[in-house]
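Residue-level structural notes
Each chain is listed here by its residues.
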Amino acid sequence: MKNSGYITPNQQQPVPEKPVAVDDGQLRAIAYSMDALIPGFYAWFGPLKIRIGGSEAEETYPGTIHSLAGIGLVLSDYRIYTTYPGSYDP
C-alpha cells in the first residue's frame, strides 16, 4: 500500500531538530553596551567583532544582535548612532 501522506493515530511525525543557539559572548557584550548606552565604538562583521569601550554583558542579559554586520557608536552624552535597527530581545 502506498503512503498517501496522511498520518494515522498510530504513526508519529518526526520531530524537527531545533537549531542550536551559539552563545557569542562578544556579540552579547556589544548588544549589552549599546542597549545600556555605554560609550564606545562597536562593529561586527560575521566572525569579526570590535568593541572599543563598552562593558561585558551581565550573566542574566538575554539580548543579542540579530544581524551579520553593523556599526554602532555611543557618545558620552547618551547619543547612539547605529546601522542596527532591530531589537536586542531574543
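The shown structure was predicted, so the numbers you read here are calculated from the model rather than taken from an experiment. (Residues numbered from 1 in each chain as written. Predicted model: local features only at pLDDT ≥ 70, side-chain atom pairs only at ≥ 80, totals over all residues. Heavy atoms only, no water.)

When you go through the chain residue by residue, the secondary structure sums to one helix and four strands. Along the chain, helices and strands appear, N-terminal first, in the series α-β-β-β-β. The burial tally for the chain puts 24% of its 90 residues in the buried class. Long-range contacts, defined as pairs at least 24 residues apart, comprise 52% of the intrachain contacts of the chain with a sequence gap of at least 6. Accessible surface, the chain: about 7,000 Å² in total, of which carbon and sulfur atoms supply 58%. (Helix = DSSP H or I, 4+ residues; strand = E, 2+ residues; numbered from the N terminus. Buried < 20%, exposed > 50% of the residue type's maximum accessible area, 1.4 Å probe, protein only. Contact = heavy atoms within 4.5 Å. Areas by Shrake-Rupley, 256 points an atom, 1.4 Å probe, with all protein chains shown as cover.)

This part takes up the sheet that holds strand E2 (residues 48-53). Strand order across the open sheet formed by four strands is E2-E1-E3-E4, with antiparallel pairing between neighbours. The strands lining the two open edges of the sheet, one partner per strand, are E2 and strand E4 (80-82). Averaged over all pairs of adjacent strands, the angle between their axes in this sheet comes to 5°, without regard to strand direction. Looking at chain direction, strand E1 (residues 40-45) and E2 are connected through six bridges and run antiparallel. From the neighbouring strand, Ala43 faces E2, where its bridge partner is Ile50. (Pairing = 2+ DSSP bridges. Axes fitted to C-alpha atoms, helices over the stretch in contact; angles between N-to-C directions.)

Scanning the model with the defined rule gives three salt bridges in all. Lys49 is paired through a salt bridge with Asp24; the nearest N and O atoms lie 2.8 Å apart. A residue pair is termed long-range when its members are at least 10 positions apart, and Lys49 in strand E2 and Asp24 in the segment before helix H1 (25-35) qualify at 25 residues. Of the charged contacts in the structure, one is a salt bridge between Asp77 and Arg79, with a shortest N-O distance of 3.1 Å. (Salt bridge = Lys/Arg side-chain N within 4 Å of Asp/Glu carboxyl O.)

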